[in-house]
Amino acid sequence: MSRRTFFKGSVLAVAAAAAASGATACSTQPEPRGADAEARPLPIPPLYEGELDGNTRRFELTAQEGEFEIVPGTMTKTWGFNGPWLGPTLYMRRGEQIDMTVHNELPEATVVHWHGLHLPATADGGPALMFDPGESWSPSWTVDQAAATCWYHPHPHEKSALHAYRGLAGGIVLDDDDSVFPGLPNDYGVDDIPVIIGDANFTEDGQLDEESGWVGDTPLINGITKPRFEATTRRVRLRVLNGAVLRFRYLTLGAPFHVVATDQGFLESPVEVDGVLLSPGERVEIVVDLEPGKDLTLRDDKLPNWGGLPDKDTAETFGATDVFDLLEIVAPAEDAPASPALADKLVPFELPQPTGVEREFRMKNMEINGKSMDMTRVDFAVDHKGPEIWHVTNENDDMLHNFHVHNARFAVQGVENGEVEFTAGWHDTIEVPPLATVTLLVDIGYYPDPTLAYMYHCHMLNHEDSGMMGQFVVVEPGQEPNLKLPNIHGE
Ligand SMILES: [Cu+2]
């Protein structure tokens, strides 16, 4: 397989199976009752709480090869963490120190990025930190941010799409003391359910096709096709992650539902919607009320306005016109108890005062501000605490892009020349529709270190791999960046 495969198709699939060392066993739902005979129970990635020692939580992840029955009756060669395919859901709480060890038992170098976490650059898992087969990497950090659904995935130089597509991804549940709300389900695997959406193209012999197509033609939920979740409660909370390499999703349920959290945590209040758009890397937590006898289907519908693409042909190449049934949700039995009212106040939304620093990011073709990613170049240094205003423009009229910032949360201040579906709350990844400018208040974690960079990039992973990424360092006031030359592996 070529080193720089610009594999168009692809998508990651996340999900889980395979118990992790130290994790609880994988739980699945009971066998389905009727309906789609092909549907299989939704696998729930095991919740891996690590080893708690005082205030320190230790995790061990092993990136490894394996095979998995993604499609019924076919074994597909895959990669995973602590199992053949995808990884366990990591659980961590605000205030804890995390001691992580990742072992690389793959045939090539990789590294893991903790997407959505605010942490020192030494722990962030950018491409400069890649490590070889047989090696381990042991970053540490303190959890210092609000409860949220985050995730982890590889970030190797020019190969993030490939490694994620092969299955290296898992969820992170960040918890804190402020996030128990009346009526909000929080029993993991019972009424608080991870829904990791990926997609794939398969070769004729049932293997992941790494060469074809812009976007996968087979949706995968928690790593399998056609899953069914049998609810045992009248209210469920879905922690939805778009883990795809390229594909945007517009999620509907055929009935209104509530969004309670975005990438970086809870909203001020639940927001009722008919659908929600997730670009690759984004998460949303939704609350669904079920009535006995009324099953629902989580569906990926056409993107509203084709995502801002100019015509149907272009929209088709990005999958923006596709409709898929993703997950069947079987309603609970009549005797399931009624749900208490859902809290109407969640977490206060307080915008910090901006510092006056503004930056501009123009995304065009596979470059940002006319430059392709260079691991030896620092694009800018942040030498202060406090948020900045960033103006991010998609200068392609015929391409979807989105924008992700490491070690940060941001709030959408405005959108010009386009529409972004859901702008409330704190995000770390957001769509930037064709020709639109999205203005963000970016709140960056302040962990000065002139030697190692954080990334900002398009999270359509093969755009990132093709150069649509830049680097910034966080430094003390007046300090100059002094990048350690990265050890570029696998060249
Ligand atoms: Cu892009």
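Rules used throughout
- Here the residue numbering is sequential within each chain, running from 1 through the sequence in written order.
- With the structure being a predicted model, the display of local features is reserved for residues of pLDDT at least 70 and the display and counting of side-chain atom pairs for 80 or more, all residues being used for whole-chain, interface and lining totals.
- Hydrogen atoms and water are omitted, and side-chain values are computed over all heavy atoms in the structure.
- For each domain, the first and last residues come from an automatic or database assignment.
- Note on definitions: a residue-residue contact is assigned when non-hydrogen atoms from the two residues lie within 4.5 Å.
- By definition, the buried area sums, over both parts, the 1.4 Å-probe accessible area that each loses when the two are put together.
- Note on definitions: salt bridges are taken to be side-chain nitrogens of Lys or Arg within 4 Å of carboxyl oxygens of Asp or Glu.
- Two N or O atoms count as a polar contact when they lie within 3.5 Å, although within protein this holds only if one can serve as hydrogen donor and the other as acceptor, and sequence-adjacent residues are included solely when both atoms are side-chain atoms.
- In this analysis a donor is any N, O or S atom within 2.8 Å of a metal ion (3.2 Å for sodium, potassium and calcium), and since water is not included, sites may seem incomplete.
- Helix numbering and strand numbering both begin at the N terminus, where a helix is a DSSP run of H or I of at least 4 residues and a strand a DSSP run of E of at least 2.
- The nonpolar core is taken to be a set of buried Ala, Val, Leu, Ile, Met, Phe, Trp, Tyr and Cys residues, with the residues joined through side-chain atoms within 4.5 Å.
- The rule is simple: take the accessible area with a 1.4 Å probe, protein chains only, and divide by the maximum for that residue type; under 20% is buried, over 50% is exposed, in between is partly exposed.
- Two strands qualify as a pair provided DSSP detects at least 2 bridges between them.
- Aromatic contacts are taken between Phe, Tyr and Trp rings whose centres are within 6.5 Å, Trp giving its six-membered ring; a plane angle under 30 degrees counts as stacked, one over 60 as edge-to-face, and the others as tilted.
- Any Lys NZ or Arg CZ that is within 6 Å of a ring centre and within 35 degrees of that ring's normal is treated as a charge sitting over the ring.

Here's the deal with the domain arrangement of the protein chain
It is common to report an interface's size as the accessible area lost on association of the parts. Parsing the protein chain into structural domains produces domain 1 (27–175), domain 2 (192–330) and domain 3 (358–474). Taking only C-alpha atoms into account, the centre of domain 1 sits 24 Å from that of domain 3. On the domain 3 side, the residues contacting the 26 residues of domain 1 number 22 residues. Contact between domain 1 and domain 3 buries roughly 1,800 Å² in total, counting both sides, with carbon and sulfur atoms accounting for 64%. On the domain 1 side of the interface with domain 3, the three residues burying the most area are His115, His118 and Ala121, jointly 27% of the side's total. Across the contact surface, domain 1 and domain 3 share 0 salt bridges. At the junction of domain 1 with domain 3, the criterion picks out 20 residue pairs in polar contact (both at pLDDT 80 or more).

Quick look at the coordination of the copper ion
Geometry sets the ideal angles at a metal, namely 109.5 degrees for four tetrahedral donors and 90 or 180 degrees for six octahedral donors. Bound to the copper ion are the protein donor atoms His401 (ND1), Cys458 (SG) and His463 (ND1), situated 2.0 to 2.1 Å from the metal. Within one chain, the residues donating to the copper ion are spaced in sequence as H-x56-C-x4-H. Remark: His463 occurs in helix H4 (residues 461–465) and His401 occurs in strand S28 (residues 401–405); sequence separation between them is 62 residues.

A word on the environment of Phe248
Counting through the fold element by element, Phe248 comes out in the loop between strand S18 (235–242) and strand S19 (249–262). In this structure, the C-alpha to C-alpha distance between Phe248 and Gly281, residues 33 residues apart in sequence, is 9.6 Å. Leave out the neighbours within four places in its chain, and Phe248 touches Asn242, Leu277, Leu278, Ser279, Pro280, Asp300, Leu303, Leu400, His401, Asn402, Glu431 and Met460.

Brief notes about the nonpolar core
Counting residues in hydrophobic clusters, the biggest one holds 85 residues, and the most contacted among them are Leu90, Met92, Met100, Trp114, Trp141 and Phe403. Leaving out residues up to four positions away in the same chain, Trp141 has contacts with Met92, Glu96, Gln97, Ile98, Met100, Trp114, Leu117, Leu119, Pro120 and Ala123.

Digging into the sheet that holds strand S27 (residues 388–394)
Here 6 strands make up an open sheet; going across it, the order is S25-S24-S27-S32-S29-S30 and the pairing mixed. Each edge of the open sheet is held by one strand with a lone partner, namely strand S25 (367–368) and strand S30 (426–427). With 6 bridges joining them, S27 and strand S32 (residues 437–444) adopt antiparallel strand pairing. Looking at S32, one finds that His391 is bridged to Thr439.

Observations concerning the pairing of S32
Most of S32 is tucked away, with 8 of its 8 residues classed as buried. Of the two faces of S32, the one carrying Thr437, Thr439, Leu441 and Asp443 and the one carrying Val438, Leu440, Val442 and Ile444 are both buried. The sheet contact formed by strand S29 (residues 408–416) and S32 spans 8 bridges and is antiparallel. Bridge assignment links Arg409 to a residue of S32, and that residue is Asp443.

Comments concerning the packing of aromatic side chains
Enumeration over the complete set of coordinates arrives at 22 aromatic pairs. For the ring pair Phe131 and Trp137, a centre distance of 6.0 Å and an interplane angle of 35° mean the geometry is tilted. What makes Trp137 buried here is its relative accessible area of 10%. Seen in terms of ring centroids, Phe403 and Tyr456 are 6.2 Å apart; in terms of plane orientation they differ by 45°. Their pairing is tilted. Taken together, the positions of Phe403 in strand S28 and Tyr456 in strand S33 (residues 454–457) put the pair 53 residues apart, joining distant regions of the chain. For the pair Phe403 and Tyr456, one class covers both residues: buried. Within the aromatic cluster, the residues linked to one another by ring pairs are Phe361, Phe380, Trp390, Phe403, Tyr454, Tyr456 and Phe472. Seen from the ring of Trp79, Arg166 lies directly overhead, with NZ or CZ sitting 4.6 Å from the centre. Here the basic side chain of Arg409 rests over the ring of Trp426, its NZ or CZ set 3.7 Å away from the ring centre.

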